[in-house]
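Structural overview for review
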Amino acid sequence: MPSERAHVVRHAVTVLAGQLAVMAFGVTDTIVAGRHAPSSLAALSIGSAIYVSVYVALMGVVQALLPVWAEQRGAGHTTEIGRTVRQALYLCGFASVLGMAVLLSPGAILRWTDVPPELRSEVERYLSVLAAALPPALAFRLYTTLNQALGRPQLVTWLQLGSLLLKVPLSIGFTFGIAGLPAQGAVGCAWATLAVNYVLLGIGLWLVRSSPMYRPLGLWRRMERPDMSQIARFARLGVPAGLAVMVEVTSFTLMALFIARQGAVAAAAHQIASNLTAVLYMVPLSLAIATSARVSYWRGQMDEERARRVAWMGFKLGAAVSIGFSAILLIARSPLVSLYTTSAEVVPLAYGLLAWVALYHVADALQTFCAFVLRCYRVTIAPLVTYGLLLWGIGLPAGYALAYRGLGNQPPLESPAAFWIGGAAALVLTAAVFTVMLTVALKKAQGRLAPAP
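Report follows, based on the coordinates. The shown structure was predicted, so the numbers you read here are calculated from the model rather than taken from an experiment.

1. Remarks on the side chain of Ser326
Relative to the helices and strands, Ser326 resides in helix 11 (residues 304-331). On the basis of relative accessibility, which here comes to 5%, the residue Ser326 falls in the buried class. Not counting residues up to four positions away in its chain, the partners in contact with Ser326 are Ala358, His361 and Val362.

As structure tokens, this is what we get:
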């Protein structure tokens, strides 16, 4: 297994570099909009929260197709990969239309969340531009997923890193005005994202057309008519995965909305904890992508024993790495918080939250890993139900009760820690349930290939 471990680690590190580059897009926009005007930053915060909820859910649908192409690669069905990728474009197109419809009609969401009327116009313009940016974003995610399934994520990572060189000056230029164009505030950040997404998609298409790496796959051929049975199989795998991601993201978003009632100090401390959580999450996410690609490859080779060993190797590696990062977080809490703020009120509150973030991260890492590998075994509905019951049904209500009502003889905490306690508890339960699911799935897969007595 040392060679398998090295293969997975190399793949994961490459994916991680690209994921961090994508995260830098959001950091860039936050800094630029914040320097332009407080209203621009507020509009960006609201608009990006809506866009991310839509994009991440639809991205989950596309990302869930990774096991399909990794298995076909393992089985040596190279030209079949080209046909199924072209069929996946139909699913990608439908997802784009659905997402654009939501982004172009955000009025109900803005009214429900009581967004101030003076911000709504800028938020709506911001989202209308991102609606046009969504189709290339999802198409490039399809290209990214294909490369991950092929075990060749390097091209995508280099493109993502290089795109920062375009994103940063464009965000600054469009936001503050450039070459005679008026300053556009938060909407300028959206225009920069639109331009970068189309450039990335254009380069991806050129590579698919010209690179020898893709030639055996037969990708660049005339589109076949929609194969509804194939698209339905994709949907059965991708839609539950996308909904599961949506549940996870919205539970995190609702935490922020509930905590906002406690005032600016609580919101600031929560933002620090959330930002560190998001950065740490990139590590198990990258490992999960790399491991699931390798598991599906061996499943395509009909080597269920090797697939099982790779799955557990990745699980143990993910557990060890997440525990290590959590330990570092606990030890370095003070200097980490001081990087974000010097406020005498925010520092102690954020310092306390990071203890819960450490527990949250370990559980989050394990459940993320299991969710990705379970897709290799076509287990998607049970994880979706588990997310709904535990994250929406236990984590958020428990955090709310602990914060504002109290539990038993415990008075209300009136602290963001209540929601991190509830969220961490829900994720610990989720990780435990998913680990059992993974154990059962691996045993079933091995049993199907066992010789009859």
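2. What about the packing of aromatic side chains?
Applying the stated criterion across every chain, the model contains twelve aromatic pairs. Their ring planes at 65 degrees and their centres at 5.1 Å tell us that Tyr360 and Trp420 sit as a pair that is edge-to-face. One end of the pair, Tyr360, is in helix 13 (residues 346-376); the other, Trp420, is in helix 15 (residues 417-449), with 60 residues separating them in the sequence. Judged on exposure class, the residue Tyr360 and its partner Trp420 are both buried. In this structure an aromatic cluster arises from ring pairing among Phe258, Tyr400, Tyr404 and Phe419. Taking NZ or CZ as reference, Arg306 lies 4.4 Å from the ring centre of Trp298, over its face. Between Arg333 and the ring centre of Tyr351, over which it is positioned, the NZ or CZ distance is 4.0 Å.

3. Some points on a nonpolar patch on the surface
Together, Leu166, Val199, Ile203 and Trp206 give the surface a local cluster of nonpolar side chains, amounting to about 350 Å² of exposed area. If one sorts the elements of the nonpolar patch by residue count, helix 8 (residues 186-210) sits on top with three residues. Owing to a relative accessible area of 55%, Trp206 belongs among the exposed residues under this scheme.

4. Remarks on the pattern of salt bridges
In total, this model carries eleven salt bridges according to the counting rule given. Close ionic contact of Arg294 with Glu4 constitutes a salt bridge, the shortest N to O distance being 2.9 Å. Of this pair, Arg294 sits in helix 10 (residues 264-300) while Glu4 sits in helix 1 (residues 2-36); the two residues are 290 residues apart in sequence, bridging distant segments of the chain. A network of salt bridges, in which partner residues are shared, links Glu71, Arg299, Glu304 and Arg378.

5. Focus on the packing of helix 7 (residues 154-176) against helix 8
Relative orientation and spacing of two packed helices are given, respectively, by the angle between their axes and the distance between those axes. Running from amino to carboxyl end, helix 7 crosses helix 8 at an angle of 150 degrees, the nearest separation of the two axes being 8 Å. In this view, helix 7 runs roughly antiparallel relative to helix 8, as classed from their interaxial angle. Helix 7 and helix 8 meet at a crossing whose hand is right-handed. For the pair formed by helix 7 and helix 8, the contact residues are Leu155, Leu159, Ser163, Leu166, Lys167, Leu170, Ser171, Phe174 and Thr175 on the first element and Gly188, Cys189, Trp191, Ala192, Thr193, Ala195, Val196, Val199, Leu200, Ile203 and Leu207 on the second. Considering only residue class, the contact of helix 7 with helix 8 consists of 14 nonpolar, five polar and one charged.

6. Remarks on the state of the cysteines
In the structure shown here, the tally under the stated rule is zero disulfides. The closest cysteine sulfur to the non-disulfide-bonded Cys376 is located on Cys370, 11 Å from its own sulfur.

7. So, the packing of helix 3 (residues 66-75) against helix 4 (residues 78-104)
Where helix 3 contacts helix 4, the two axes come as close as 10 Å, and the packing angle between them is 165 degrees. By the angle between their directions, the pair helix 3 and helix 4 is classed as roughly antiparallel. The interaxial crossing formed by helix 3 with helix 4 has right-handed handedness. Facing Trp69, Gln72 and Arg73 of helix 3, the residues of helix 4 in contact are Glu80, Ile81, Thr84, Val85 and Ala88. Grouping the amino acids of the contact of helix 3 with helix 4 by side-chain chemistry returns four nonpolar, two polar and two charged.

Cut-offs applied
- Residues numbered from 1 in each chain as written.
- Predicted model: local features only at pLDDT ≥ 70, side-chain atom pairs only at ≥ 80, totals over all residues.
- Heavy atoms only, no water.
- Helix = DSSP H or I, 4+ residues; strand = E, 2+ residues; numbered from the N terminus.
- Buried < 20%, exposed > 50% of the residue type's maximum accessible area, 1.4 Å probe, protein only.
- Contact = heavy atoms within 4.5 Å.
- Phe/Tyr/Trp six-rings, centres within 6.5 Å; stacked < 30°, edge-to-face > 60°.
- Lys NZ or Arg CZ within 6 Å of the ring centre and 35° of its normal.
- Patch = residues over 30% accessible without salt bridge, like charges linked within 9 Å, V, L, I, M, F, W, Y side chains within 5 Å.
- Areas by Shrake-Rupley, 256 points an atom, 1.4 Å probe, with all protein chains shown as cover.
- Salt bridge = Lys/Arg side-chain N within 4 Å of Asp/Glu carboxyl O.
- Axes fitted to C-alpha atoms, helices over the stretch in contact; angles between N-to-C directions.
- Parallel < 35°, antiparallel > 145°, perpendicular 65-115°, else oblique.
- Left-handed = near helix turned anticlockwise from the far one by under 90°.
- Nonpolar A, V, L, I, M, F, W, Y, C, P; charged D, E, K, R; others polar.
- Disulfide = S-S within 2.5 Å.

No statement about biological role is implied by the geometric values presented.
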